[in-house]
Every structure is written in C-alpha cells, then in structure tokens.
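Below, each chain spelled out in residue letters.
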Amino acid sequence: MQKAESVGLSDYYKDLVAKGGLSIENITDSTLKEQIKTYQEWYEKALGCADAVSDLQDKLAELAKTKFDSITAQYEAKTQDIDHTVNLINGELEKAEALNQIAGESFYHALIDREQAKLSTLEQEYSEKLSALREAVFGGSVETGSQAWQDMKADIDSVTESIQKSERQLIDYEKSLRETAAQKFDSLEKQFENAVDLITSEISQADKQLSLIEEAGYMAEESFYRSLIEAQKANVDALAREYSTLSSSFAEALDSGSITQFDENWYQMTGSINSVEDALLSAQEALLQYGNSLKQLQ
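Residues numbered from 1 in each chain as written. Predicted model: local features only at pLDDT ≥ 70, side-chain atom pairs only at ≥ 80, totals over all residues. Heavy atoms only, no water.

Caption draft 1: Representation of unusual backbone geometry in the model. The phi dihedral of Phe262 falls on the positive side, at around 75°, and the residue is not glycine. Turning to its location among the elements, Phe262 is positioned in the loop between α6 (222-256) and α7 (264-297). (Helix = DSSP H or I, 4+ residues; strand = E, 2+ residues; numbered from the N terminus.)

Pasting the structure below:
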C-alpha cells in the first residue's frame, strides 16, 4: 500500500478508486490519468495481498483448530474406554442391590481406580489443550476473541467442568466404600450377636434357676453345673470367633483404605471389637467360676 500512497494522488481520487466509481477514460489530464492508473494498479495489488494474508490466516487458524480437535479425539477415546469399564462395574453393583446383597468393597475400589484414571486423563487433556491454545495465540494463527479462539476456550472450559465432576464422583465413591465397609462389619457383628444372644439367654435362665435353688437352701447337682460349663464354653467359643472375625474385617478395611484411622467408622469398629473382647473375658471368668463351683461339689 505504500507504493500506492507514493504516487501522490489526491484523497478525492483515492476515494473514487477505492469505491470503484472512477472511469479513467473520462480523465483528460494525462498526468492525472497516469497517476490514477498507477495508483489503481498498486491499490489492487495491495488488496490482493491483503486477501492472500487473510486466506493464509484462515488456513493457519484452521490448522490450529484441527490440531486442537485431534487432542479432543485422542482423549475422548480414552475416557470412553474408562466410562465403559465403569458402566460394567455399576451393572454388577445393581445386580447385587437387586438381590439385596451388600456389594463387595472390591467394586468400589475398582470404581475409585477407574475414576482416578479418568481424572488424570482429563487433567492431561486440559493441559495439552491449554498449551495448544496458547501456542496458537502466541504464534499468531488464532486471534484472541475470534470464533476459533472462543470455540477452543469453550472446549477447555468443558474439560474443566468434567474435572470438577470427576473429583465429586471420587468423593462419592470413597464415601460409598466407607459405608460398604461399615455395612459388612455390622452384618458380621449382627450374625454373631444373634448366636451369642441365644447362648447367653440359656445361661441367664440357668443362673436364675441356680439362684433360686441356693436361696431355698439347697445345693445344685453336678449335672447342673456341667450344663452351665458346656453352655459357657460354647459362649466363649462364639465370642472368640466373633472377636477374630471382626478383628480380621477391621484390619482388612484399614489396610485397603476402606476406613482410615480415627475416622467415624474406625471408632465404631474399634468400640465393637473392644466390647466383644470384654464380653469374652467375662465369659472366660464365668467359666472358671463354674468350674470351681463344680470342684467344690465333688
């Protein structure tokens, strides 16, 4: 455009050339006519160059967008594969729920593992796309605020939202894992409690009968104490198995990360195990007392 400006044509004729409303045949002044012709030639060449630059800019923006979209395609394939695995695991969870079963902790460990992989994938996608956008802007192929820039930014914003969603999902899975560990522990505890309650009820009734006999001034027969001893042995065995089973379940949950030290479930499980241990010690003490009473009769 500098060449055109160097011709020295007045602004009036420049404006006519730009608007395309000037017929050079109507110009009689040969000098002016030559100036207009020269200006017009350089002006048209400048326009051609501007169009070429614009076309090149469009192509560069298109290439930048193509590179950006290839990142999207690459990571979409990865996340789709992870989502497929998650859907399969959730399908197994739904089967367990339909059968009124407690889903194993392994299901939630698998879900957490897959969600962590998805979160890592999304973070990598975000990083690569942000780098691609910055490279395109700094390289001049994409102008800030242009449609291509807005499309790429909207895509990055979508990935950011997916990252937040994945982080929330991880929290939900970890909460479900803790709940499942607690449910499993409670179920085991309930099973043993039902068995122990039957035994302790039998022992309690026998103790009441023993008290009535002694209050009447009589002595219970050896067979009576032998029955109490057998019942108390069964109680000790049941409590010992409960203590061992609950302790193993607690250690497994702690080792796998289903519970963490000093959280709510940790305190509840520890309290339950301690209660069983106290009951076991009391049962063992009672067993010794019954044995001593039997010896006194013999």
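Caption draft 2: View of α6. Along its 35 residues, α6 runs 51 Å from first to last C-alpha, staying within 8% of the 51 Å computed at 1.5 Å per residue. Positive phi appears at Gly257, one or two residues downstream of α6, with a value of about 90°. (Expected span 1.5 Å × (residues − 1).)

Caption draft 3: Inspection of the side chain of Thr121 at higher detail. If you trace the backbone, Thr121 turns up in helix α4 (residues 105-138). In this view, Thr121 contacts Tyr75, Lys78, Thr79 and Ile82; residues no more than four positions away in its chain are not counted. (Contact = heavy atoms within 4.5 Å.)

Caption draft 4: Looking closely at the environment of Asp157. Tracing the backbone shows Asp157 in helix α5 (residues 147-215). Once the C-alpha coordinates of Asp157 and Leu130 are considered, the two residues, 27 residues apart in sequence, prove to be 10.0 Å apart.

Caption draft 5: Representation of the nonpolar core. Grouped together as the largest cluster of nonpolar side chains are 30 residues, with contacts concentrated most on Leu228, Phe250 and Ile259. When residues of this core are traced back to their parent elements, those giving at least two are α5, α6 and α7. Here the element with the most residues in this core is α6; it accounts for 11 residues. Once residues within four sequence positions are removed from consideration, Ile259 is found in contact with Ala181, Phe250, Ala253, Leu254, Asn265, Trp266 and Met269. One finds Val86, Leu93, Ala96 and Ala103 within the second-largest nonpolar core, a separate group that totals 16 residues. (Core = buried A, V, L, I, M, F, W, Y, C linked by side-chain atoms within 4.5 Å. Buried < 20%, exposed > 50% of the residue type's maximum accessible area, 1.4 Å probe, protein only.)

Caption draft 6: Inspection of the pattern of salt bridges at higher detail. Tallied over the entire structure, the rule returns 11 salt bridges. With a closest N to O distance of 2.5 Å, Lys129 and Asp155 form a salt bridge. Residue Lys129 is found in helix α4, and its partner Asp155 is found in helix α5; the two are separated by 26 residues along the sequence. Given the relative accessible area of 1%, Lys129 is considered buried. With relative accessibility at 23%, the residue Asp155 sits in the partly exposed group. Here the residues in one salt-bridge network are Glu105, Lys184 and Glu252, joined through shared partners. (Salt bridge = Lys/Arg side-chain N within 4 Å of Asp/Glu carboxyl O.)

Caption draft 7: Structural context of the layout of surface pockets. By volume, the largest pocket amounts to about 350 Å³. Taken together, 20 residues line the largest pocket, and the ones lying closest to its centre are Asp83, Lys118, Leu122, Ser162 and Lys165. Listing elements by their share of the lining of the largest pocket, those giving two or more residues are α3 (30-98), α4 and α5. The element that contributes the greatest number of residues to the lining of the largest pocket is α5, accounting for 8 residues. Tallied by class, residues from the lining of the largest pocket come to 5 nonpolar, 7 polar and 8 charged. (1 Å grid on protein atoms, 1.4 Å probe; cavity = no way out; pocket = protein on both sides within 12 Å on 5 of 7 lines; lining within 4 Å. Points joined across faces, edges and corners; volume = space filled by probe spheres on them. Nonpolar A, V, L, I, M, F, W, Y, C, P; charged D, E, K, R; others polar.)

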